[in-house]
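Letter by letter, the chains look like this.
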Amino acid sequence: MEKDDNDMPALISSSDDDKSDSDDPGDNFWDDDNDEEMMNMLTGEVTCLFCSDTEQSVDAIISHCKTKHHFDIPIYCQRWSVDCIQYIKMINYCRKEHPTPDQVIQGLMSGGVEWKGDEYMQAIDPCDLLLQWDIEAVIDLLPASNTRKTVSNLRDASNNFTEEDSNYHNIQSSEAIVAMTARVKAAEEQRDLLREELDRVLQDMEKLKLSGQQLVMNLTGDTKENDTPKIKKRDNLVDEDSYFASYSHHGIHMTMLKDEVRTKSYRDFMLCNRNLFEGKTVLDVGCGTGILSMFAVKAGAKQVVAVDSSQIIYQAMDIARENNMHENITFVKGRLEEVTLPVEKFDVIISEWMGYFLLFEAMLDSILWARDNYLAPGGCVYPDRFTMKVVGVSDPQLYQQTVGFWDDVYGFKMSCMKGPVLEEVQVCTVRGENVVTEPAVIKEIDVPICQVTELDFQSDFTLLCQMDAELTAIVGYFDTYFINDCHQKIHFSTGPKSVKTHWEQAVMILPKPMPVKKGDSVMCQITYKKHPHDSRGVIINLTVGQLKLKYSLS
């Protein structure tokens, strides 16, 4: 079927999570070479369960789900014995919650607990033709031992059980009931056998997965320090999946989009520097809802490739289509280091990758990998400059809330609880009036030339006190710059004296308040490095005067 201008933008998926068990014999139930349609009477516009594509009949949308999403509705309903009530709830669940095919399959395997609630009996669209489909009648016509059957064979079988209008569920004869009962019994026996086989396959897959992870870890461990592999594998793959899954929820994207300092800075950079984007190819790393990709299109980009490993990319596709930008943006789902992109080299790489205290989440590693592998000669990466800074603050209220609290908890001392609190970086907002020292720069990052090895660093710095006070914490933040080749340079800060952002500040609380005088210079040192057991976390060693402290940000 030819696509019109309103079709969904292209999605390219190279991650293992998006692959379906295409070797399953049930995947061939709908014969792609057979033009006949089953159940011609259910015609009219039907929307796909997993994307916004529409077809003009139930049969066509069933084939669409199988071909595009590898989700064969009748076969899966037969395999997990879905009755008409469960089927209705499943369809309404898909319409309401917008799950992925893999999530629906997991729900089928678990007995439909995801759509167990009565709220899924209420149709999102009462005219939804998929709800009018008699799934039990269709399942009854599927052979129990061989799910590979053409549509024409189904029609021949249906002649024994239907009226002239092909209404499958209107069975008139007791002979047909007896025959159907026999088929159901055979189907149940075959279902049990298939379930046992599926359990064995899943166990084998889990063993292979564990073996593969061990192999990757061993290979990583044998890599020499000076060798740079083309694709860097992270050790804790389970944590990686959880990390990307956290970006599937709409709440985190709403928080970032509502951050006007962040979002308007990117918008102003692109729209005020159209010379960088007009007619150019752009790579958007970690695209999220696709806001930066759409800014790039608005600034004149010829083609944008937007990459994200979380499920939010499906919403990004809908958003691009809703704004008539789907022809200019190609979405690719998967980890950047593992997918194949449709463009060999890009003129511009953009990303909003920054984490708390800049380097938490370790996303800059992926940006540098993209720069080395996908940036065309003379191309640019944005933002291109960053400055990491620290200041000393005096905030007795925050100190009391986090540390002093444990001295008297309803009349009991719990001082042992102070240790874990003092070992963690607190991410919160610090008021500008609590800053009592000059800021000190601990690291400058020039993205066009920076190397991953430079992201673990040590820096000596001095905090110059501006007033008499009791120092209660050292606070870290960062400044962001769009400078290279820009007609209009853009800059924003996440510091305590700037407009609040969703990054807030990284607060390292001291064990005890430290008295300081105006004009004092407090000698300090900071060591900043990736967490050895958390690929996204950070370990900070901090020396303040004579105090030697250690913090984690994870």
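Residues numbered from 1 in each chain as written. Predicted model: local features only at pLDDT ≥ 70, side-chain atom pairs only at ≥ 80, totals over all residues. Heavy atoms only, no water.

Draft legend 1. Up close: the overall build of the chain. The helix and strand tally for the chain stands at 15 helices and 18 strands. Sorting the 554 residues of the chain into buried and exposed places 49% on the buried side. Considering only contacts within the chain whose residues lie at least 6 apart along the sequence, 73% involve residues at least 24 apart. (Helix = DSSP H or I, 4+ residues; strand = E, 2+ residues; numbered from the N terminus. Buried < 20%, exposed > 50% of the residue type's maximum accessible area, 1.4 Å probe, protein only. Contact = heavy atoms within 4.5 Å.)

Draft legend 2. Region of the structure containing the nonpolar core. With 95 residues, the main nonpolar core has Met 270, Phe 277, Leu 283, Leu 341, Phe 357 and Leu 359 as its most contacted residues. Setting aside chain neighbours within four positions, we find Leu 359 in contact with Trp 353, Leu 364, Met 388, Ile 445, Leu 455, Phe 457, Tyr 528 and Val 538. Core analysis: the next-biggest nonpolar cluster, separate from the first, contains 35 residues, Trp 80, Tyr 93, Trp 133 and Ile 135 among them. (Core = buried A, V, L, I, M, F, W, Y, C linked by side-chain atoms within 4.5 Å.)

Draft legend 3. Main features of the pairing of strand β5 (residues 303-308). Within β5, 5 of the 6 residues are buried, which leaves the element mostly enclosed by the surrounding structure. With 5 bridges connecting them, strand β4 (residues 281-285) and β5 associate as parallel partners. Counterpart to Asp 284 in the pairing with β5 is Ala 306. As for the winding sense of the linkage, the β-α-β connection from β4 through helix α11 (residues 291-298) to β5 is right-handed. With 5 bridges connecting them, β5 and strand β6 (residues 329-333) associate as parallel partners. The partner of Asp 308 across the bridge, within β6, is Lys 333. Read from β5 through helix α12 (residues 312-322) to β6, the crossover connection turns out right-handed. (Pairing = 2+ DSSP bridges. Right-handed = clockwise from strand over helix to strand, strands pointing away.)

Draft legend 4. Quick peek at the packing of aromatic side chains. Counted by the stated rule, this structure contains 18 aromatic pairs. Put simply, the rings of Tyr 266, Phe 269, Phe 277, Tyr 382 and Phe 482 pair up and form one aromatic cluster. (Phe/Tyr/Trp six-rings, centres within 6.5 Å; stacked < 30°, edge-to-face > 60°.)

Draft legend 5. Main features of the pattern of salt bridges. For the coordinates displayed, the defined rule picks out 12 salt bridges. Here Asp 118 and Lys 89 are joined by a salt bridge, their closest N and O atoms 3.9 Å apart. In this pair, Asp 118 sits in the loop between α4 (101-109) and α5 (135-140) while Lys 89 sits in helix α3 (residues 84-97), placing the two residues 29 residues apart along the sequence. Since its relative accessible area comes to 13%, Lys 89 is described here as buried. Between Asp 268 and Arg 267 there is a salt bridge; the shortest N-O distance is 3.1 Å. (Salt bridge = Lys/Arg side-chain N within 4 Å of Asp/Glu carboxyl O.)

Draft legend 6. Highlighting the pairing of strand β12 (residues 457-464). Only one face of β12 is buried: it carries Phe 457, Ser 459, Phe 461 and Leu 463, and the other face, with Gln 458, Asp 460, Thr 462 and Leu 464, is open. In terms of strand pairing, β12 meets strand β16 (residues 521-531) through 8 bridges, oriented antiparallel. What sits directly across from Leu 463, in β16, is Val 522.

Draft legend 7. Focus on the state of the cysteines. Summed over the entire model, instances satisfying the criterion amount to 0 disulfides. Take Cys 380: it sits in no disulfide, and the sulfur closest to it among the cysteines is that of Cys 486, at 7.7 Å. By relative accessible area, which is 8% here, Cys 380 ends up buried. No disulfide involves Cys 524; its sulfur sits 9.0 Å from that of Cys 465, the nearest cysteine. (Disulfide = S-S within 2.5 Å.)

Draft legend 8. View of the packing of helix α10 (residues 260-271) against α11. Close contact between α10 and α11 brings their axes to 9 Å; oriented N to C, the two are set at 25°. When the interaxial angle is binned, α10 and α11 end up roughly parallel. As α10 runs across α11, the sense of the crossing is right-handed. Of α11, the residues touching α10 (which contributes Thr 263, Tyr 266, Arg 267, Met 270 and Leu 271) are Ile 291, Leu 292, Phe 295, Ala 296 and Lys 298. Grouping the constituent residues of the contact of α10 with α11 by class yields 7 nonpolar, 1 polar and 2 charged. (Axes fitted to C-alpha atoms, helices over the stretch in contact; angles between N-to-C directions. Parallel < 35°, antiparallel > 145°, perpendicular 65-115°, else oblique. Left-handed = near helix turned anticlockwise from the far one by under 90°. Nonpolar A, V, L, I, M, F, W, Y, C, P; charged D, E, K, R; others polar.)

Draft legend 9. Examining unusual backbone geometry more closely. Each neighbour pair has its own omega, and for Tyr 382 with Pro 383 the value is -5°, a cis peptide bond. Mapped onto the elements of the fold, Pro 383 is located in the loop between β8 (375-382) and β9 (385-393). The backbone phi angle of Tyr 410 is positive, close to 55°, even though this residue is not glycine. Position of Tyr 410 among the secondary structure elements: in the loop between α14 (396-402) and α15 (418-422).

Draft legend 10. Representation of helix α1 (residues 58-69) within the structure. Taking 1.5 Å of rise per residue, 12 residues should cover 16 Å, and α1 covers 16 Å from first to last C-alpha, within 8% of that figure. For α1, the full list of buried residues reads Val 58, Asp 59, Ile 61, Ile 62, His 64, Cys 65, Lys 66 and His 69. Residue His 70 follows α1 closely and has a positive phi angle near 55°. (Expected span 1.5 Å × (residues − 1).)

Draft legend 11. Quick peek at the side chain of Asp 384. One can find Asp 384 in the loop between β8 and β9. One buried charged side chain, Asp 384, makes no salt bridge at all; its nearest oppositely charged neighbour is Arg 385, positioned 4.1 Å away. A polar contact is formed between the side chain of Asp 384 and the backbone nitrogen of Ile 483, at a distance of 2.9 Å. Residues within four places of Asp 384 in sequence aside, it is in contact with Ile 445, Asp 446, Val 447, Pro 448, Tyr 481, Phe 482, Ile 483 and Asn 484. (Lys, Arg positive; Asp, Glu negative; His and termini not counted. Polar contact = N/O pair within 3.5 Å; in protein donor to acceptor, adjacent residues only side chain to side chain.)

Draft legend 12. Structural detail: α12. Of all the positions in α12, only Ile 312, Ile 313, Ala 316, Met 317 and Ala 320 are classed as buried. Down the axis of α12, the sector holding all buried residues measures 155°, keeping them to one side. Within two residues after α12, Asn 324 carries a phi angle of roughly 55°, on the positive side. (Arc of directions from axis to C-beta.)

Draft legend 13. Molecular detail of the confidence of the model for the chain. Taken residue by residue, the chain gives an average pLDDT of 80. The fraction at 70 or more is 75%. Within the chain, helix α6 (residues 151-158) has the poorest average pLDDT of any element, 41, and strand β7 (residues 346-350) the best, 97. Across residues 1-10 the pLDDT falls below 50, and counting only partners more than four positions away or on other chains, this stretch makes 26 contacts in the model. Contacts for the low-pLDDT stretch residues 13-40, under 50 throughout, to residues beyond four places or in other chains number 68 contacts. (pLDDT = per-residue confidence, 0-100.)

Draft legend 14. Up close: the environment of Asp 347. For Asp 347, the position within the fold is in strand β7. In this structure, the C-alpha to C-alpha distance between Asp 347 and Val 381, residues 34 residues apart in sequence, is 8.7 Å. Among residues more than four places away in sequence, those in contact with Asp 347 are Lys 280, Thr 281, Leu 375, Ala 376, Gly 379 and Cys 380. Engagement of the side chain of Asp 347 in a polar contact is seen with the backbone nitrogen of Thr 281, the distance being 2.9 Å.

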